[in-house]
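Geometric and topological summary
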Amino acid sequence: MKPLHLLPVLALLSACAPATQTQPTSTYEGEARFLLLPQKLRVTYTVNPGTHEVRGEYRNLSSRDTFTLTGTQLTGPDGETLTAKIDPGDTPRLNASLLGFGISNVPLKASGTLSATVTATRLIGTLRVNGLSYPVTLNRVR
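These numbers come from a predicted model, not from an experiment.

**Side note on the layout of surface pockets**
Looking at the largest pocket, its volume works out to about 500 Å³. If you trace the largest pocket, you find 20 residues lining it, with Phe34, Asn60, Phe67, Ala110 and Val129 closest to the centre. Elements that contribute at least two residues to the lining of the largest pocket include exactly strand S2 (37-47), strand S3 (53-60), strand S4 (65-76) and strand S9 (122-129). Each pocket or cavity is described by its volume, and for the second largest pocket that value is around 160 Å³. As for the second largest pocket, its lining consists of 13 residues, and the residues nearest its centre are Pro24, Ser26, Val47, Gln73 and Glu80. Its residues assigned to classes, the lining of the second largest pocket shows 6 nonpolar, 5 polar and 2 charged.

**Here's the deal with the nonpolar core**
Of all hydrophobic cores here, the largest spans 21 residues; its most connected members are Tyr45, Tyr58, Leu69, Leu82 and Leu123. Contributing elements (two or more residues each) for this core: strand S1 (25-34), S2, S3, S4, strand S5 (79-87), strand S8 (112-118), S9 and strand S10 (132-140). Excluding residues that lie within four positions of it along the chain, leucine 123 makes contacts with Tyr28, Tyr45, Leu82, Ala116, Thr117, Val118, Val136, Thr137 and Leu138.

Rules used in this analysis
Residues numbered from 1 in each chain as written. Predicted model: local features only at pLDDT ≥ 70, side-chain atom pairs only at ≥ 80, totals over all residues. Heavy atoms only, no water. 1 Å grid on protein atoms, 1.4 Å probe; cavity = no way out; pocket = protein on both sides within 12 Å on 5 of 7 lines; lining within 4 Å. Points joined across faces, edges and corners; volume = space filled by probe spheres on them. Helix = DSSP H or I, 4+ residues; strand = E, 2+ residues; numbered from the N terminus. Nonpolar A, V, L, I, M, F, W, Y, C, P; charged D, E, K, R; others polar. Core = buried A, V, L, I, M, F, W, Y, C linked by side-chain atoms within 4.5 Å. Buried < 20%, exposed > 50% of the residue type's maximum accessible area, 1.4 Å probe, protein only. Contact = heavy atoms within 4.5 Å.

Here you go:
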């Protein structure tokens, strides 16, 4: 068979391949208070439209800490409902002892859970870290 005869077959096969969907990136910024200290935050993520899976990052712009953000975003009555885990990843750990008593393998950065309602202009919810809940309101960045 000549190579030119394969062109129609290849064109037909490529037409059957699933099209990749671009996943838009959502970015929200604002301030929140943690232990009475104001912190500037940025949340950036994408949502897989087929699985509703969320992947992105949570950045504390005040301390320059970056965390991974994973979770789901589902349609709710007042907007989209985002539930995500904020994870510091591989972070340094504290090991200390005094007179035989001490602590070991304690991460210096804590993980948390973000529960929020997402609208076209805002992300409003709660960040829970170490058993404490903090209100978070972030505005959408275009």
